[in-house]
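Given next are the chains, with one letter for each unit.
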Amino acid sequence: MDEYSRFVDWDKMDVSAQSQDTKELTCTDLHELKQLARQGYWAKNHSLRAKVYHKLISNIPCRTVTPDANVYRDIVGKIVGKRSSSSLPLPEFVDNSLIPTYCLNAEGVGAVRKIILCVANQFPDISFCPALPSVTALLLHYSKDEAECFEQVCRILACNDPSKRLIDQTFLAFESSCMTFGDLVNKYCQAAHKLMVAVSEDVLEVYSDWQRWLFGELPMAYIARIFDVFLVEGYKVLYRVALALLKFFHKVRAGQPMESDSIQQDIRAFVRDIAKSVSPERLLEKAFAIRLFSRKEIQLLQMANEKALQQKGITVKQKR
């Protein structure tokens with residue numbers, strides 16, 4: 001197919017959605033990029049999306065010493081050694097997250113583990129990052145080789161622009177984002193919130209799954225469309241989409257008996273099988289129709305939640 005196909009299992013990929021036009025992306029205007037990302041301009045062309053990801057990620061402002069592809073080539077042999085990549089243990093900070101295989105072939109599935117281990121080696125300060133396996137697996141579909149994927153993941157993690165929050169890397173940041181999501185649900189999805197309160201013992205536990213819905217349960221065609229926008233607009237789009245998922249869950253399931261004895265499991269199953277009820281376009285439409293707080297207000301909410309957690313002394317995950 002193209003130079004970005006090494007790790008892709010094309011039988012799993014929806015090839016009917018791929019157009020063969022070789023489009024180029026020449027636009028640099030942020031407003032125009034935003035529109036193109038939301039419309040899925042590069043979703044229909046695998047190598048165009050790969051080039052756009054490459055361009056957007058190489059423009060992320062990063063710490064001066066950010067590991068690149070050459071670092072990966074230097075360290076991967078020492079770190080992986082003679083172990084088979086499928087048996088490599090994942091670092092504790094991914095919190096037992098599953099590695100979504102999406103549309104990766106067998107080589108790709110093994111490569112994700114190698115890349116994550118090398119990232120862990122280069123980022124000793126990451127203490128909690130459950131989204132990492134999904135982000136790595138997704139980017140690998142659009143990488144020429146493992147080293148390129150490693151470099152892109154490192155750039156996302158090493159972003160040092162305080163106004164551009166990308167991926168949570170500590171339990172404090174993660175947990176406060178879950179509380180913030182709960183605050184947003186309470187404000188923007190009151191009907192769904194009432195249902196959650198009625199059927200769950202601990203509503204925060206349900207909302208603590210919000211990143212897992214996106215980075216783990218959603219099928220490839222959906223998370224890739226969200227990632228297109230995320231790389232242009234940042235963290236806020238993740239809240240939008242998670243709120244939209246909850247709204248759809250409530251709409252589709254309202255009045256029906258629960259499928260399992262846990263609302264958490266029900267939402268996960270709904271998100272996994274979302275293609276039965278909602279298209280990626282419809283999900284994004286719903287997400288952007290929510291009149292959400294400004295980025296500044298969300299930041300303040302998040303900071304207040306972090307402060308509350310620190311005052312309670314909750315900065316690391318409690319062992320259950």
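Since this is a predicted model, take the numbers as computed values, not measurements. (Residues numbered from 1 in each chain as written. Predicted model: local features only at pLDDT ≥ 70, side-chain atom pairs only at ≥ 80, totals over all residues. Heavy atoms only, no water.)

Trainee: Which residues make up the pattern of salt bridges, and what are the values?
Mentor: Considering all chains together, one arrives at 15 salt bridges under this definition. Salt-bridge contacts for Asp-168 lead to Arg-165; the nearest nitrogen and oxygen are separated by 2.5 Å. Judged by relative accessible area, Asp-168 falls into the buried class, the value being 4%. The exposure class of Arg-165 is partly exposed, given its relative accessible area of 27%. Asp-209 serves as the salt-bridge partner of Arg-268, at 2.7 Å between the closest nitrogen and oxygen. Of this pair, Arg-268 sits in helix H13 (residues 263–272) while Asp-209 sits in the loop between helix H9 (203–207) and helix H10 (210–217), placing them 59 residues apart in sequence. In terms of burial, Arg-268 and Asp-209 fall into one category: buried. (Salt bridge = Lys/Arg side-chain N within 4 Å of Asp/Glu carboxyl O. Buried < 20%, exposed > 50% of the residue type's maximum accessible area, 1.4 Å probe, protein only. Helix = DSSP H or I, 4+ residues; strand = E, 2+ residues; numbered from the N terminus.)

Trainee: Which residues make up the packing of aromatic side chains, and what values go with them?
Mentor: In this structure the tally under the stated criterion is 14 aromatic pairs. Between Trp-210 and Tyr-239, the aromatic rings sit 4.6 Å apart at their centres with planes inclined by 20°, giving stacked as the arrangement. Separated by 29 residues along the polypeptide, Trp-210 in helix H10 and Tyr-239 in helix H12 (residues 236–253) bring together distant segments of the chain. The class of Trp-210 is buried, set by a relative accessible area of 0%. A centroid spacing of 5.4 Å and a plane angle of 40° characterise the contact between Phe-227 and Phe-230, whose relative ring orientation is tilted. Placement of both Phe-227 and Phe-230 in helix H11 (residues 220–233) is noted, with a separation of 3 residues, approximately one turn of the helix. Clustering of aromatic rings is evident, with ring pairs tying together Phe-181, Tyr-207, Trp-210, Trp-213, Tyr-235 and Tyr-239. (Phe/Tyr/Trp six-rings, centres within 6.5 Å; stacked < 30°, edge-to-face > 60°.)

Trainee: Explain the environment of Cys-159 to me, and be specific about the residues and the numbers.
Mentor: Position of Cys-159 among the secondary structure elements: in the loop between helix H6 (146–157) and helix H7 (171–188). Residue classification places Cys-159 among the buried positions, given a relative accessible area of 18%. C-alpha of Cys-159 to C-alpha of Arg-63: the two residues are 96 residues apart in sequence and 6.6 Å apart in space. Once residues lying within four places of it in the same chain are set aside, the contact partners of Cys-159 are Ile-60, Pro-61, Cys-62, Lys-164 and Leu-166. (Contact = heavy atoms within 4.5 Å.)

Trainee: An account of the UniProt feature "domain: Rab-GAP TBC" (unreviewed entry) in the protein is requested, with residue identities and associated values reported.
Mentor: Per the UniProt record, "domain: Rab-GAP TBC" (unreviewed entry) is found at residues 40–257. From the first C-alpha to the last, residues 40–257 spans 36 Å; its make-up is 62% helix and 0% strand. (UniProt positions renumbered as here; feature names shortened; annotations may be inferred.)

Trainee: I'd like to hear about the side chain of Glu-175, residue by residue, with values.
Mentor: Looking at the element boundaries, Glu-175 is found in helix H7. Apart from the residues lying within four places of it in its own chain, the contact partners of Glu-175 are Leu-204, Ser-208 and Leu-309.

Trainee: Could you give an account of unusual backbone geometry, with specific residues and numbers?
Mentor: One non-glycine residue, Asn-96, adopts positive backbone phi at about 60°. Relative to the helices and strands, Asn-96 is located in the loop between helix H3 (69–80) and helix H4 (106–122). The phi dihedral of Tyr-102 falls on the positive side, at around 45°, and the residue is not glycine. With respect to the secondary-structure elements, Tyr-102 resides in the loop between H3 and H4.

Trainee: Give a description of the nonpolar core that names residues and reports values.
Mentor: With 115 residues, the main nonpolar core has Trp-42, Ile-156, Phe-181, Trp-210, Leu-214, Phe-227 and Leu-283 as its most contacted residues. Counting residues per element, this core draws most heavily on H12, which supplies 11 residues. Once residues within four sequence positions are removed from consideration, Trp-210 is found in contact with Ser-177, Cys-178, Phe-181, Tyr-235, Leu-238, Tyr-239 and Ala-242. (Core = buried A, V, L, I, M, F, W, Y, C linked by side-chain atoms within 4.5 Å.)

Trainee: How would you summarise helix H8 (residues 190–199) if you had to cite specific residues and measurements?
Mentor: Of the positions making up H8, those classed as buried are Ala-192, His-193 and Met-196. Angular distribution of buried residues about the axis of H8 spans 100°; they occupy a single face of the element. Of the exposed residues in H8, the ones pointing more than 90 degrees away from its buried face are Lys-194 and Ala-198. (Arc of directions from axis to C-beta.)

Trainee: Lay out helix H1 (residues 30–39) in plain terms, naming residues and giving numbers.
Mentor: Helical periodicity: at 3.6 residues per turn, an α-helix aligns residues three or four positions apart in one direction. Those residues of H1 lying buried are Leu-33, Leu-36 and Ala-37. Take H1 and look down its axis: the buried residues cluster within an arc of 100°, on one side only. Looking at H1, the residues exposed on the side facing more than 90 degrees away from the buried face are His-31 and Gln-39. At its buried positions, H1 is contacted by helix H2 (46–58) and H11. Downstream of H1 by one or two residues, Gly-40 has phi in the positive range, about 75°.

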